[in-house]
Amino acid sequence: MDERPLRRSLTPIGDELMPHETVPGKASLLDRWRRWRERREAPATLRGAVLRVVVRLVVTAVVGSAVAVGAAHLFHRKTSFGLYLVGGVLMGVR
């Protein structure tokens, strides 16, 4: 058998004392998104704050509508079914 003997001391062996080059990997998309959000400054004017809210509302409406149309298509129903389904899910979540 090729078993190494158990270490009896807590002292590192010579190779373990040598510093190793560590290369950080590329940050994931989620990490980059979080860093971007942390660096982003708050809007300085009322116009900037309103613009940010309107952009968020438009993005939410577009994504919600796309999910509703996709759900209606998936269940072979009218688009109104998808809208009610997504609205019901959102009401249940909050």
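Quick caveat: nothing in here was measured; it's all calculated off a predicted structure.

K.L.:
Help me understand unusual backbone geometry, please; the structure alone is not making it clear to me.
P.N.:
The phi angle of most residues is negative, glycine excepted, and most peptide bonds adopt the trans form. Backbone geometry at His76 places phi at a positive 55 degrees, although glycine is not the residue there. Inspection of the secondary structure assignment puts His76 in the loop between helix H3 (46-74) and helix H4 (79-93).

K.L.:
How should the pattern of salt bridges be read in this particular structure?
P.N.:
Oppositely charged side chains may form a pair once their charged atoms are brought near each other. Enumeration according to the criterion identifies one salt bridge in this entry. We note a salt bridge from Arg34 to Asp31, for which the minimum N-O separation is 3.9 Å. With Arg34 and Asp31 both in helix H2 (residues 29-39) and three residues apart, the pair spans about one turn of that helix. Looking at Arg34, the relative accessible area reads 46%, which means it is partly exposed.

Rules used in this analysis
Residues numbered from 1 in each chain as written. Predicted model: local features only at pLDDT ≥ 70, side-chain atom pairs only at ≥ 80, totals over all residues. Heavy atoms only, no water. Helix = DSSP H or I, 4+ residues; strand = E, 2+ residues; numbered from the N terminus. Salt bridge = Lys/Arg side-chain N within 4 Å of Asp/Glu carboxyl O. Buried < 20%, exposed > 50% of the residue type's maximum accessible area, 1.4 Å probe, protein only.

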